[in-house]
Amino acid sequence: QVQLVESGGGLVQPGGSLRLSCAASGISFRNCGVGWYRQAPGKQRELVARITPGGSTNYAESVKGRFTASRDNAKNTVYLQMNSLKPDDTAVYYCKAEFILEAYWGQGTQVTVSS
């Protein structure tokens, strides 16, 4: 059974940083593209960052230069380093693993940016 577990969310002041983790079991992340998504109240879920099996990354324009996705295949974990956080970054953050035609979601972790 595939399970993805996000962690690292919390409350942070504007300008602060958080690092989210997405740990997988039941699947080898090294073969998966992994996306980080977020969903704010009343808004659609949006793709924030994606990292390919080879480690290439792409980002939404709104987070370029502030967020960095990385992976540690030995730990079967993908990370999202978030710097210079803004109130608009407040959302539930999800990871999604993509393997061939299958996709698996984590349960999400809340990130709140507020003073």
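Residues numbered from 1 in each chain as written. Predicted model: local features only at pLDDT ≥ 70, side-chain atom pairs only at ≥ 80, totals over all residues. Heavy atoms only, no water.

A. The side chain of R66, seen in detail. Looking at the secondary structure, you find R66 in the loop between β6 (57–59) and β7 (67–72). Among the polar contacts made by the side chain of R66, one reaches the main-chain carbonyl oxygen of S62 at a distance of 2.8 Å. Apart from the residues within four sequence positions on either side, R66 is in contact with Q81, M82, N83, S84, L85, K86 and D89. (Helix = DSSP H or I, 4+ residues; strand = E, 2+ residues; numbered from the N terminus. Polar contact = N/O pair within 3.5 Å; in protein donor to acceptor, adjacent residues only side chain to side chain. Contact = heavy atoms within 4.5 Å.)

B. Structural detail: a nonpolar patch on the surface. Where nonpolar side chains cluster on the molecular surface, the patch consists of F99, I100 and L101 and spans about 380 Å² of accessible area. In this fold, F99 is placed in strand β9 (residues 91–99). Using a relative accessible area of 30% as the deciding quantity, one classes F99 as partly exposed. (Patch = residues over 30% accessible without salt bridge, like charges linked within 9 Å, V, L, I, M, F, W, Y side chains within 5 Å. Areas by Shrake-Rupley, 256 points an atom, 1.4 Å probe, with all protein chains shown as cover. Salt bridge = Lys/Arg side-chain N within 4 Å of Asp/Glu carboxyl O. Buried < 20%, exposed > 50% of the residue type's maximum accessible area, 1.4 Å probe, protein only.)

C. Up close: the packing of aromatic side chains. Per the stated rule, a full pass over the model turns up 2 aromatic pairs. Measuring from centroid to centroid gives 6.3 Å for Y94 and W105, while their planes differ by 85°, and the two rings are edge-to-face. One end of the pair, Y94, is in strand β9; the other, W105, is in strand β10 (residues 102–105), and 11 residues separate them in sequence. By relative accessible area, which is 14% here, Y94 ends up buried. Taken together, the aromatic side chains of Y37, Y94 and W105 make up a single cluster linked through ring pairs. Cation over ring: R19 sits above Y79, and NZ or CZ is 4.2 Å from the ring centre. (Phe/Tyr/Trp six-rings, centres within 6.5 Å; stacked < 30°, edge-to-face > 60°. Lys NZ or Arg CZ within 6 Å of the ring centre and 35° of its normal.)

D. Molecular detail of the sheet that holds strand β1 (residues 3–7). Read across the open sheet, the 4 strands follow the order β1-β3-β8-β7; overall the sheet is antiparallel. Bordering the open sheet on either side are β1 and β7, each of which pairs with just one other strand. The sheet shows a mean angle of 15° between the axes of neighbouring strands, direction not considered. Where strand β3 (residues 18–25) meets strand β8 (residues 77–82), 6 bridges bridge the pair, whose relative direction is antiparallel. Residue pairing for β8: S21 is matched across the bridge by Y79. (Pairing = 2+ DSSP bridges. Axes fitted to C-alpha atoms, helices over the stretch in contact; angles between N-to-C directions.)

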